[in-house]
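An overview of the molecular structure
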Amino acid sequence: MAFVASGVGLSRKAGLRSVCGEPVSQTGRLNYNGRVRMVAAPEVPKQSNPQVPKKRTKTVVITGSSSGVGKHAAKDLSRSGEWNVIMAVRNPEKAKKVAEEYNLDKESYKIMELDLGSLESVRKFANTVKSNGISVDTLVCNAATWHPTDTKPRYTVDGYEEAVAVNYFGHFLLVNLMMKNSTIRPNLQKGQNQSRVVFIGTETHNPDTLPGKIPPQADLGDLQGLEAGFKEPIGMISGGKFEPTKAYKDSKVCISILMKELDRRYGRQNNITFTTLFPGCVAKSGLFREKRGWFRSIFPIFQTYITRQFVSEELAGLRAAQVASESRFARGGAYWRWQGTATDSPVFEKDVSYEALDSEKANRLWNLTAKLTGFA
């Protein structure tokens, strides 16, 4: 099967820590030590004069859509003419400025407050969506936080370490509440484009990849931190010493596990696609704002010329919008990754980490998370 064209990790030698992609050799083959399933997304027929729908018939919710990848995904789906976009954000005023900056059609978007670091805020958001009678076709779980220079954990209003709480706990509760409330629209008619839930992943969740091998490696241990209640002074899922980059990577392992579990528990019976994508290394995103100046200067160059994984926020947002909307990505349980940094780079399905495929750990993680978030 041919690869398809799709439009929208760092080495120790460089003395840098990995939070992004992996090298691609000059031959175009992945320089990859893990497992790759070369399953390409189907080709999409080209249209000479695509028609913009006269009526917006679908609704997408995008968390963290006031900045970075999320705002570009919101922009692209809004401009498609087909999607109503709900910008689920912690700072509504910031989202309003984004919409004005891109001159989005005021009828194409709605701004709703959502703080993923507050379980009460998540419940309020889910209830508001339900009470307003909104049916959601696609939910994009994009928001994330990372504080790489912290020496001590930050805790949310619920008393949980912030990276895990925002990146994982908040999205776990949001998806489950929206499934329970039936606000994510089940599509039981065969042959139609499935509703879906899309997560943003990272290659560094997987220690079998080159970027994932660079310390600190993701490792949930035996979930001792969660078993102990995950309250202060605990700052790691494994119960070990706090390390901010590992906390971020661990949260992304949990996201991979969550995607697989949601697909197993809900996907087929509701004809809803649960999937993850790694859009490339967005080396100039706000996620790196707390890194030192020299790192923020060198890192994009390194990702551009050495790993060849650098992508702009705009391209990453376009890729997220594609996975959220195009029928070729309606494959449940898939983890999508692009080979290259151009708008026409090929995209294929890749395996998640071994840890994320551990069914026993996945079940325990689900039960512990449900208890800690109050969903049990």
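For the structure itself, look to the data block above.
Residues numbered from 1 in each chain as written. Predicted model: local features only at pLDDT ≥ 70, side-chain atom pairs only at ≥ 80, totals over all residues. Heavy atoms only, no water.

**Notes on helix α3 (residues 119-131)**
For clarity, the cut-off: The secondary structure listing takes helices from DSSP runs of H or I that are at least 4 residues long and strands from runs of E that are at least 2 residues long, numbered from the N terminus. To estimate the expected span of a helix, count its residues, drop one, and scale the result by 1.5 Å. Remark: exposure states derive from per-residue accessible area (1.4 Å probe, protein chains only) relative to the maximum for the residue type, with buried under 20%, exposed over 50%, and partly exposed in between. Relevant arc is that of directions from the helix axis to the C-beta atoms, nothing else. For this analysis, residues touch if any pair of their heavy atoms sits within 4.5 Å.
Taking 1.5 Å of rise per residue, the 13 residues of α3 would be expected to cover 18 Å, and the 18 Å separating its terminal C-alpha atoms lies within 8% of that figure. Every buried residue belonging to α3 is among Leu119, Ser121, Val122, Phe125, Ala126 and Val129, and all of these are buried. Looking straight down α3, one finds its buried side chains confined to an arc of 160°; they lie on one side. Away from the buried face of α3 by more than 90 degrees, exposed residues Glu120, Lys124 and Ser131 are located. Those residues of α3 that are buried are in contact with β3 (58-63), β4 (83-89), β5 (109-113), α4 (162-180) and α10 (359-373). Positioned one or two residues after α3, Gly133 has a phi angle of 70°, which is positive.

**Points about the packing of helix α1 (residues 68-79) against helix α9 (residues 313-325)**
Formally: As a rule, the C-alpha atoms of each element are fitted with a line to give its axis, helices using only the stretch in contact, and angles between N-to-C directions run from 0 to 180 degrees. Oblique is the label for any angle not covered by the other classes, which are roughly parallel (under 35 degrees), roughly antiparallel (over 145) and roughly perpendicular (65 to 115). Helix crossings are classified by the rotation of the near helix relative to the far one: an anticlockwise turn of less than a right angle makes the crossing left-handed, while a clockwise turn makes it right-handed. Three residue categories are used. Nonpolar comprises Ala, Val, Leu, Ile, Met, Phe, Trp, Tyr, Cys and Pro, charged comprises Asp, Glu, Lys and Arg, and polar comprises the others, including Gly.
Look at α1 against α9: their axes get within 7 Å of each other, and the N-to-C directions meet at 60°. By the angle class used here, α1 and α9 are oblique. α9 is crossed by α1, and the crossing has right-handed handedness. Counted together, Gly68, Val69, Lys71, His72, Ala73, Lys75, Asp76 and Leu77 of α1 and Glu313, Glu314, Ala316, Gly317, Leu318, Ala320, Ala321, Ala324 and Ser325 of α9 form the full contact between these two elements. In the contact of α1 with α9, the residues fall into 8 nonpolar, 4 polar and 5 charged.

**Some remarks on the packing of α4 against α10**
Between two packed helices, the angle of one axis relative to the other and the distance separating the axes together describe the packing. It is at 10 Å that the axes of α4 and α10 come closest, and there the two elements cross at 90°. Of the possible angle classes, the one that applies to α4 and α10 is roughly perpendicular. Residues Tyr168, Phe169, Phe172, Leu173 and Asn176 of α4 touch α10, and the partners they reach there are Leu365, Trp366, Thr369, Ala370, Leu372 and Thr373. Residue composition of the contact of α4 with α10, by class: 8 nonpolar, 3 polar and no charged.

**Notes on the pairing of β5**
Quick reminder of the rule: Two strands are said to pair when DSSP picks up at least two bridges between them. Call a crossover right-handed when, viewed with both strands pointing away from you, the route from the first strand across the helix to the second goes clockwise.
Across 5 bridges, β4 lies against β5 in parallel orientation. Residue pairing for β5: Val85 is matched across the bridge by Tyr109. Handedness of the crossover joining β4 and β5 through helix α2 (residues 92-101): right-handed.

**Some details on the pattern of salt bridges**
Applicable threshold: Just to be clear on terms, a salt bridge is a Lys or Arg side-chain nitrogen sitting within 4 Å of an Asp or Glu carboxyl oxygen.
In the structure shown here, the tally under the stated rule is 15 salt bridges. Salt bridges sharing common partners tie together Glu203, Arg337 and Lys350.

**Focus: unusual backbone geometry**
Cis geometry marks the peptide bond from Glu232 to Pro233; its omega dihedral reads 15°. Positionally, Pro233 belongs in the loop between α6 (224-227) and α7 (244-270).

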